[in-house]
Amino acid sequence: MAIGRPLIRLGETTSTMDVARALANQGATPGTTVLAGHQTQGRGRAGRTWIAPPWSAITLSFITASRRPMESLGLLSLAWGLAVAETVDAFTGGRSQVKWPNDVLVDGRKIAGILVTNGAVPGTTEYRQVTGIGLNRANLPGDLPPAGTSLAIETGGAPAEGDVLSELLVRLNLVWSQFESGTHDVIVDRIQRRLAYRGEQVHVRDGDRGHAGVVRGIDPRGALLMEDAAGVTRAIVAGELTRGPRRER
Ligand code: BTN
């Protein structure tokens, strides 16, 4: 399997997640990737929308079928963030960070978001992951939220879509082969070195539950290690992370 083979290019669609999931359910080969110039109903994690002007961001979704146990899929989700961070660095020459569970930040500002879904293929016992990546390429400051950035902003000019896409596919395929071959310690180590907010106070919300504490790292399954005020370190498997102490709602 190679991510990007085949590559289906669409001008406009609702969301590449919808197209890739439909293809996965119809038995499309793992690696199948859907790239859109514009999404009219782009989705983010936790029910958020994902909005970008036409042809500004790299927006794609791809299908994988992992042979690894289900509990290691949390690490896979972070590994995609690592591949995107390495892609960003290839253009900025800097050191981008992975914000758990899988955003990519440049100097604390979000340049890419990742959405991972795992679902059974109808009528089979097989699972397919559909992973969506939105990487801000040509977006200008007015197109982005205040805490957002793009390759154009970071480098002073938008790199060509084809160049970003090629780099991204190489990096995604590299982390995929490392993940599937089981060299998870290498992946974990590379993520630890780029993990945002290490040693800082954060809050993680998972549905009705909230966890406050200091980020200490990730564990081999990709769970976030957080130390609470009592000095107890817990592994948090899912949630949305906010910097700083808990804000009352
Ligand atoms: C997030 O930051 O919450 C995740 C954003 C994921 C956006 C990408 S763009 C391509 C794919 N299609 C979507 O509708 N969402 C993902």
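The structure under discussion appears in the preceding block.
Position numbers for residues count from 1 along each chain, tracking the sequence in the order it is written. The predicted nature of this model means local features are confined to residues of pLDDT at least 70 and side-chain atom pairs, given and counted, to a pLDDT of 80 or more, with totals for whole chains, interfaces and linings taken over all residues. Side-chain measures were taken over the full set of non-hydrogen atoms in the model, leaving aside hydrogen atoms and water.

Overview of the sheet that holds strand E12 (residues 240-243)
1) Next: Across the sheet, which stays open at both edges, the five strands sit in the order E11-E10-E9-E8-E12 with antiparallel pairing between neighbours. Each edge of the open sheet is held by one strand with a lone partner, namely strand E11 (233-236) and E12. When the angles between neighbouring strand axes are averaged without regard to direction, this sheet yields 45 degrees.
2) Next: Where strand E10 (residues 224-227) meets E11, four bridges bridge the pair, whose relative direction is antiparallel. The partner of Leu 224 across the bridge, within E11, is Ile 236. What makes two strands pair is DSSP finding at least two bridges between them. Runs of H or I in DSSP of at least four residues are treated as helices and runs of E of at least two as strands, each being numbered from the N terminus. Every axis corresponds to a line fitted to the C-alpha atoms, with the helix fit spanning only the stretch in contact, and the corresponding angles, defined between N-to-C directions, vary from 0 to 180 degrees.

Looking at the pattern of salt bridges
1) Next: We define a salt bridge as a side-chain nitrogen of Lys or Arg found within 4 Å of a carboxyl oxygen belonging to Asp or Glu. Using the criterion set out here, one finds 17 salt bridges in the structure.
2) Next: With a shortest N-O distance of 3.6 Å, Glu 161 and Arg 9 are connected by a salt bridge. Taken as a pair, Glu 161 in helix H4 (residues 161-181) and Arg 9 in strand E1 (residues 7-13) lie far apart in primary sequence, 152 residues in all.
3) Next: Between Asp 228 and Arg 234 there is a salt bridge; the shortest N-O distance is 2.9 Å.

Observations concerning the side chain of Arg 137
1) Next: Take Arg 137: it is sitting in the loop between strand E7 (127-136) and helix H3 (151-155).
2) Next: Nearest to the buried, unbridged Arg 137 among oppositely charged side chains is Glu 161, at 5.4 Å.
3) Next: Sequence-distant contacts of Arg 137, that is, excluding residues within four places in its chain, are made with Trp 55, Ser 56, Ala 57, Ile 58, Ser 150, Leu 151, Ala 152, Ala 158, Pro 159, Ala 160, Glu 161 and Val 164. Remark: exposure states derive from per-residue accessible area (1.4 Å probe, protein chains only) relative to the maximum for the residue type, with buried under 20%, exposed over 50%, and partly exposed in between. Positive charges come from Lys and Arg, negative ones from Asp and Glu, while His and the chain ends are left out of the count. Whether two residues touch is decided by their heavy atoms; if any such pair falls within 4.5 Å, the residues are in contact.

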